[in-house]
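Inside the fold
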Amino acid sequence: MIPLPKHRNGSPPVNKSSVLAQILSVLTAELAALTRAAQGAFAAATDPDSKAENKYDTRTLEASYVARGQAQRVAELQQAVQAFGALSGHELESGAAVTLGALVSLSLSGETTYYFLGPFAGGTEITHEGSEVVVITPASALGQKLMGRRAGESIPMQPGLSARIATVQ
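Residues numbered from 1 in each chain as written. Predicted model: local features only at pLDDT ≥ 70, side-chain atom pairs only at ≥ 80, totals over all residues. Heavy atoms only, no water.

**Digging into the nonpolar core**
Basically, it comes down to this: Grouping buried Ala, Val, Leu, Ile, Met, Phe, Trp, Tyr and Cys residues that are joined through side-chain atoms within 4.5 Å yields what is termed a nonpolar core. The buried label goes to any residue with under 20% of its type's maximum accessible area, the exposed label to any with over 50%, and the partly exposed label to all in between, with areas taken from a 1.4 Å probe on protein chains only. Helix and strand definitions here come from DSSP, where helices need a minimum of 4 consecutive H or I residues and strands a minimum of 2 consecutive E residues; each element is numbered from the N-terminal end.
Counting 20 residues, the largest nonpolar core has V19, I23, L27, F84, F116 and V133 as its most contacted members. Among the secondary structure elements, those contributing two or more residues to this core are α1 (16-46), α2 (59-86), β2 (111-117) and β4 (131-136). Ranked by residues supplied to this core, first place goes to α1 with seven residues. L108, I136, L146 and I155 belong to the second-largest nonpolar core, a separate cluster that totals 16 residues.

Okay, structure coming up:
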């Protein structure tokens with residue numbers, strides 16, 4: 001089952017370049033915060049005062065695991081920021097198929113939902129001009145259903161429930 005974020009009916013149209021800039025801003029802020037945390041974890045793992053007091057003391061080992069995990073997450077976020085920075089904020093031509101970098105609006109039961117098809121950072125949510133926009137990736141269930149589709153086509157969302165692709169930007 002694919003969750004659908006709720007949006008107000010009649011909300012203003014969402015601007016793709018502004019959405020992309022806002023996603024980049026969120027990812028950049030998250031990267032900065034995580035980088036600081038990773039530096040703190042590295043400092044804790046390499047601090048001479050944190051060496052084991054006895055053979056059962058695993059503080060240094062645990063701190064090194066945390067530092068390693070945070071360093072990997074920083075690398076992933078750096079890759080995401082670079083990938084989103086390389087995307088074009090220009091709207092796609094009328095009738096274009098959904099592809100990486102597309103901003104898609106779906107219509108279901110009178111509600112409009114917005115999704116940005118990004119290379120990374122699936123699940124990132126932003127609120128843009130009163131509308132929630134969720135980043136999805138081509139590997140996600142919804143991303144797989146949307147790839148290659150065009151405005152006006154319907155896609156199955158839940159058993160017995162289909163959404164219509166309202167716009168592809």
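**Observations regarding the packing of α1 against α2**
This is how the line gets drawn: The axes are straight lines fitted to the C-alpha atoms, using for helices just the contacting stretch, and the angles between their N-to-C directions are given from 0 to 180°. Should an angle fall under 35 degrees it is taken as roughly parallel, and over 145 as roughly antiparallel, whereas 65 to 115 is taken as roughly perpendicular and any remaining angle as oblique. Each crossing gets its hand from how the near helix is turned against the far one by less than a right angle, where anticlockwise is left-handed and clockwise is right-handed. The nonpolar class holds Ala, Val, Leu, Ile, Met, Phe, Trp, Tyr, Cys and Pro. Asp, Glu, Lys and Arg form the charged class, and all remaining residues, Gly among them, are polar.
As a packed pair, α1 and α2 sit with axes 8 Å apart at the nearest point and diverge in direction by 160°. As the angle between them shows, α1 and α2 are arranged roughly antiparallel. Once α1 is placed against α2, the crossing between them reads as left-handed. Of the residues assigned to the contact of α1 with α2, the class counts are 21 nonpolar, seven polar and two charged.

**Details of α1**
Keep this limit in mind: To estimate how far a helix should reach, multiply one less than its number of residues by 1.5 Å. Should any heavy atoms of two residues lie within 4.5 Å, those residues are counted as being in contact.
The end-to-end C-alpha distance of α1, which contains 31 residues, comes to 44 Å, matching closely the 45 Å that a straight helix rising 1.5 Å per residue would cover. Three or more residues of α1 are buried, namely K16, V19, L20, I23, L27, L31, L34, A38, A41 and A45. Contact partners of the buried residues in α1: α2, β1 (103-108), β2, β3 (125-128) and β4.

**With respect to the pattern of salt bridges**
Test applied: Any Lys or Arg side-chain nitrogen located within 4 Å of an Asp or Glu carboxyl oxygen qualifies as a salt bridge.
Using the criterion set out here, one finds three salt bridges in the structure. For the salt bridge of R73 with E30, the shortest nitrogen-to-oxygen distance reads 3.1 Å. Taken as a pair, R73 in helix α2 and E30 in helix α1 lie far apart in primary sequence, 43 residues in all. On the basis of relative accessible area, R73 is assigned to the partly exposed category, the value being 34%. Where R149 meets E153, a salt bridge forms, and the shortest distance between an N and an O atom there is 3.7 Å. Since its relative accessible area comes to 26%, R149 is described here as partly exposed.

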